[in-house]
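Topology and contacts: notes
Letter by letter, the chains look like this.
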Amino acid sequence: MDTLPAAATSMGSMEHSEVTDADLVSQTLAGNRDAFGCLFDRHGAMVRAVVGRVSRDWPTVEDMTQECFLRAFNRLASLRDRDQFGVWVVGIARHVARERRRTLRRDRHEFGNPANARATTSGVADLETAEQIEQLMQTLSNLPERERLAIHAHFLQEYNAQQAAELLNLSRSGFYALLKKALARLVATLNAHNQQEETKS
Amino acid sequence: MACLSQEQLAQLAIGITEEPEWTAHLRDCPRCREKLAQLQTVTAQLAAAHNALRRGHAESRRQLLEKLPVGEHPPQPVRTRRQPLSWFKGLNMKQRILLSGVSATAIVALFVTWIALTAKPLFAMELMKESLSKAKSCKTTSVMEFDDPVRPGIDEGPDRISSVIYELAVGDGRFDAGDKYIEIKGKGALSYLNTIYILPAGRPGLEINHFTKTFRRDPVKLGVLSLNPRNHTMRICEELGRHPEKANRSLGTKIIDAKKAHGFAIDGEEVFGDEHEDGRPDLDGPIEVWLDAATHLPIKIHMKSKPGNNQQTPSSTTTTYFQWNIKTDPKLFIATPPQGYVDETPPN
Ligand SMILES: [Zn+2]
């Protein structure tokens, strides 16, 4: 009764199957914990991206991510539109990130310490590229929220174009309009930053 | 053709378009080619950074499932109160004041739109929705009052800012914070706030300071808050999609501006919630809205905000003198800087 279709239980591939988020939420509420694991497979990376805004320290990011999903689990019964699980858990992630940012502000060294800056660059062999990516992600973290989310949704392989647009409650064309705006702003901000650095030195 | 804009280049970099004209231009223009190459590097790096977010996922999943509370079903929901939100980050006092005034007025605008878009059980709200859907323009006066003008160690700010707001149904907006409306206790008028924001829908905005004779293009860059009412409308609609159950409480009937009005209280925390992280004041208590009993259009809106992370002073904002469907000069929304004014637009 509580078993999932095979496609959903073999979520190691993280592919979206015809099993919807709503199915997985229902299965979880019926007591199937693995179904919740599948929801984590689908949206875990997005939540890491969202909370990664306030810390670049991997253990902190992981800790916040788990916190988000624990809260989601505990409140799952209150989710009205079960197909909106992704949107919902991203909302929880933003909330958790804000809470944590306040703590981290008091403890300023964490974000700025390059030794901790490993959330998205460990495994990048080339140090210069790693630094560039860190700079890029820092700049990204200052973009307006919707633009930031559009970039995450587009670049995370967990979502196809339709799902990325749905995550932001946009049409496909609306999503792409937001995405190109976000990228343009990101590059403009990076260039402004680099120019500033040049004039300083 | 002219050089490609950053957005057009972004469109090419993510491969959502293939315009022959653009491709032809790229062949002939080394500058655009270079910019496109930079964008392609950025998208490749973004892809790499996002792939890295999957690191250790299997182990993380195992840990998460272990941590789930024991028991057959997830427990019943526990409602937690929203944390106060921060805003005004990194702005000086002048910018903070301006932004607070403008964001408060923007919220009023949003709120009006929100009311227009939501279907409430209350009949009055239904009627108002109908009336609003036909409204072409609106002019109001918004007064923001700071409860606690004595703030040792903090820049001196005014006690009271009054702005005149013009809006068109198409989304154009204009906020005039004129000096004659600004008062500081014991100091009279404070003229450095003689500032106008022009925010045409979908086009770059303009901030004109008549005191310093300077202007800035696109005041959105003052903070991450997007001041374009149309953007906000979209966000509000989305927010509503998630919280369709907003309830209203009746505040009864009273006479405002010699008109009979019905009042309602609405939980603004719920309505404006997370989406306005960077631009909303921290609301203190419900938002009060009063509707003209005859026209069903808003006649007065009042809200209070409490000190947040970076906002030291509680304040209240009252929006009154609603004038609906008045003839509005289209020139009000043209974002052209006055001659001789100095461009202070920060580099993008
Ligand atoms: Zn060119």
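Description of the structure in this document. (Residues numbered from 1 in each chain as written. Chains lettered and ligands numbered in written order. Predicted model: local features only at pLDDT ≥ 70, side-chain atom pairs only at ≥ 80, totals over all residues. Heavy atoms only, no water.)

In this section: the overall build of chain B. For chain B, the helix and strand inventory stands at 8 helices and 14 strands. When burial is assessed residue by residue, chain B has 52% of its 348 residues classed as buried. Residue pairs in contact within chain B that sit at least 24 positions apart in sequence constitute 59% of those at least 6 positions apart. Carbon and sulfur atoms provide 54% of the accessible area of chain B, an area that totals close to 16300 Å². (Helix = DSSP H or I, 4+ residues; strand = E, 2+ residues; numbered from the N terminus. Buried < 20%, exposed > 50% of the residue type's maximum accessible area, 1.4 Å probe, protein only. Contact = heavy atoms within 4.5 Å. Areas by Shrake-Rupley, 256 points an atom, 1.4 Å probe, with all protein chains shown as cover.)

Further remarks concern the packing of aromatic side chains. Scanning the entire structure with this criterion turns up 7 aromatic pairs over all chains. Each ring, one from A:F40 and one from A:F69, has its centre 4.8 Å from the other, and the planes form 85 degrees; the classification is edge-to-face. One end of the pair, A:F40, is in helix 3 (residues 33–51); the other, A:F69, is in helix 4 (residues 58–74), with 29 residues separating them in the sequence. Feature note: the residues A:F36, A:F40, A:F69, A:F73, A:F85 and A:W88 constitute an aromatic cluster, connected by ring pairs. In this arrangement the basic side chain of B:R55 is found over the ring face of A:W58, its NZ or CZ atom lying 4.1 Å from the centre. (Phe/Tyr/Trp six-rings, centres within 6.5 Å; stacked < 30°, edge-to-face > 60°. Lys NZ or Arg CZ within 6 Å of the ring centre and 35° of its normal.)

Residues and elements named next belong to chain B. At this site the zinc ion is bound by C3 (SG), H25 (NE2), C29 (SG) and C32 (SG), with donor distances of 2.0 to 2.3 Å. Around the zinc ion, the 4 donor atoms are arranged such that angles at the metal cover 100 to 117 degrees; this shape is classified as tetrahedral. Read in sequence order, the donor residues coordinating the zinc ion give the pattern C-x21-H-x3-C-x2-C. The residues C29 and C32 share a single accessibility class, namely buried. (Donors = N, O, S within 2.8 Å, 3.2 Å for Na, K, Ca; no water. Tetrahedral: all angles 85-135°; square planar, octahedral: opposite > 155°, others 65-115°.)

Further remarks concern the nonpolar core. Membership of the largest hydrophobic core comes to 79 residues, with the highest contact counts inside it found for A:F36, A:M46, A:F85, A:I151, A:F175, A:L186 and B:L46. Top element by residues in this core is helix 3 of chain A. It accounts for 11 residues. Leaving out residues up to four positions away in the same chain, B:L46 has contacts with A:L136, A:M137, A:L140, A:I151, A:F155, A:L183 and A:L186. One finds B:L132, B:I266, B:V289 and B:F322 within the second-largest nonpolar core, a separate group that totals 13 residues. (Core = buried A, V, L, I, M, F, W, Y, C linked by side-chain atoms within 4.5 Å.)

Moving on, we get to helix 3 of chain A. Three or four residues apart is the spacing at which side chains of an α-helix point the same way, because the helix has 3.6 residues per turn. For helix 3 of chain A, which comprises 19 residues, the first-to-last C-alpha distance of 24 Å sits more than 12% below the rise-based estimate of 27 Å (1.5 Å per residue). The principal kink in helix 3 of chain A, of about 55 degrees, is found at A:H43. (Expected span 1.5 Å × (residues − 1). Bend = angle between axes of the 7 residues up to and from the residue.)

On to the environment of A:S171, then. With respect to the helices, strands and loops of the structure, A:S171 is situated in the loop between helix 9 (161–167) and helix 10 (172–200). With 10 residues separating them in the primary sequence, A:S171 and A:A161 have C-alpha atoms 10.0 Å apart.

For the rest of this paragraph, the subject is the packing of helix 3 of chain A against helix 4 of chain A. Residue and element names in this part refer to chain A. Interhelical geometry of helix 3 versus helix 4 gives an angle of 130 degrees and a closest axis separation of 9 Å. In terms of orientation, helix 3 lies oblique with respect to helix 4. Remark: the crossing between helix 3 and helix 4 carries right-handed chirality. Facing helix 3, whose interface residues are F36, L39, F40, H43, G44, V47, R48 and V51, helix 4 presents W58, V61, E62, M64, T65, C68, F69, A72 and F73. Residue composition of the contact of helix 3 with helix 4, by class: 12 nonpolar, 3 polar and 2 charged. (Axes fitted to C-alpha atoms, helices over the stretch in contact; angles between N-to-C directions. Parallel < 35°, antiparallel > 145°, perpendicular 65-115°, else oblique. Left-handed = near helix turned anticlockwise from the far one by under 90°. Nonpolar A, V, L, I, M, F, W, Y, C, P; charged D, E, K, R; others polar.)

What follows deals with helix 4 of chain A. Compared with an ideal rise of 1.5 Å per residue, which puts 17 residues at 24 Å, helix 4 of chain A spans 24 Å between its outermost C-alpha atoms and is within 8% of the ideal. In terms of residue burial, helix 4 of chain A counts as a mostly covered element, since 13 of its 17 residues are buried.

With that settled, the discussion passes to the pattern of salt bridges. Side chains that differ in sign of charge can pair as their charged atoms come close. All names here are of chain A. What the rule picks out here adds up to 14 salt bridges over all chains. A salt bridge links E62 to R48, with the shortest nitrogen-to-oxygen separation between them at 3.0 Å. Note that E62 is positioned in helix 4 and R48 in helix 3, a separation of 14 residues in sequence. Taken as a pair, E62 and R48 share a single burial class, namely buried. Note that E145 and R148 form a salt bridge whose closest N and O atoms lie 3.7 Å from each other. (Salt bridge = Lys/Arg side-chain N within 4 Å of Asp/Glu carboxyl O.)

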